[in-house]
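If you want the building blocks of each chain, they are given just below.
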Amino acid sequence: MISAIVLINVDVDRIPEVAEAIADLDGVTEVYSVTGGADLIAMVRVQQHEEFADVIADRLSKVDGVQSTQTHIAFRTYSKHDLEAAFSLGFDG
């Protein structure tokens, strides 16, 4: 599984409905309404790198109300939850 974090700027008066439309897209696992330089952050997870173009460029960026996107593809995932699960299984490195 390959993950990307997508920072999204939208029409401010349409944030809730844009967020819901993005959350309904295949490949999008979460959408957060946030403060700071972006209005929304979406987590996109796909099996093949090439699928990002379909999810982000062909569908997410074309949702009515989306003004711009900035995509960050994750190299590696670090998660306290994943580490705790590994240790509970007896793995120590």
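Placed above this text is the structure.
Residues numbered from 1 in each chain as written. Predicted model: local features only at pLDDT ≥ 70, side-chain atom pairs only at ≥ 80, totals over all residues. Heavy atoms only, no water.

Caption draft 1: Quick look at the overall build of the chain. Scanning the chain from N- to C-terminus turns up three helices and four strands. In the chain, the order of α-helices and β-strands from amino to carboxyl end is β-α-β-β-α-β-α. Residues counted as buried form 27% of the 93 residues belonging to the chain. The contacts of the chain with a sequence gap of at least 6 include a subset with a gap of at least 24, amounting to 67%. When the accessible surface of the chain is summed, it comes to about 6,300 Å², and 53% of that surface belongs to carbon and sulfur atoms. (Helix = DSSP H or I, 4+ residues; strand = E, 2+ residues; numbered from the N terminus. Buried < 20%, exposed > 50% of the residue type's maximum accessible area, 1.4 Å probe, protein only. Contact = heavy atoms within 4.5 Å. Areas by Shrake-Rupley, 256 points an atom, 1.4 Å probe, with all protein chains shown as cover.)

Caption draft 2: Just the environment of valine 10, in detail. Structurally, valine 10 can be placed in strand β1 (residues 2-10). Overall, valine 10 belongs to the buried group, its relative accessible area being 1%. Spatially, the C-alpha atom of valine 10 lies 7.1 Å from that of serine 68, the residues being 58 residues apart in sequence. Valine 10 has contacts with Ile15, Val18, Asp39, Leu40, Gly65, Val66 and Gln67, leaving out every residue within four places of it along the chain.

Caption draft 3: The sheet that holds β1, seen in detail. Taken together, four strands build an open sheet; the order of strands is β2-β3-β1-β4 and the sheet is antiparallel. The outermost strands of the open sheet, each flanked by one partner alone, are β2 (28-33) and β4 (66-73). Across this sheet, the average inter-strand angle for adjacent strands is 20°, counted without regard to direction. Across seven bridges, the pairing between β1 and strand β3 (residues 40-46) is antiparallel. Residue pairing in the sheet places isoleucine 5 in a bridge with methionine 43 of β3. Against the sheet, helix α1 (residues 15-23) touches β1, β2, β3 and β4, its axis set at about 165° to β2. (Pairing = 2+ DSSP bridges. Axes fitted to C-alpha atoms, helices over the stretch in contact; angles between N-to-C directions.)

Caption draft 4: Representation of the side chain of aspartate 39 within the structure. Inspection of the secondary structure assignment puts aspartate 39 in the loop between β2 and β3. Although aspartate 39 is buried, it forms no salt bridge, and the closest oppositely charged side chain is arginine 14 at an N-O distance of 12 Å. Dropping the residues within four chain positions of it, aspartate 39 is found in contact with Ile8, Asn9, Val10, Ile15, Tyr32, Ser33 and Val34. (Lys, Arg positive; Asp, Glu negative; His and termini not counted. Salt bridge = Lys/Arg side-chain N within 4 Å of Asp/Glu carboxyl O.)

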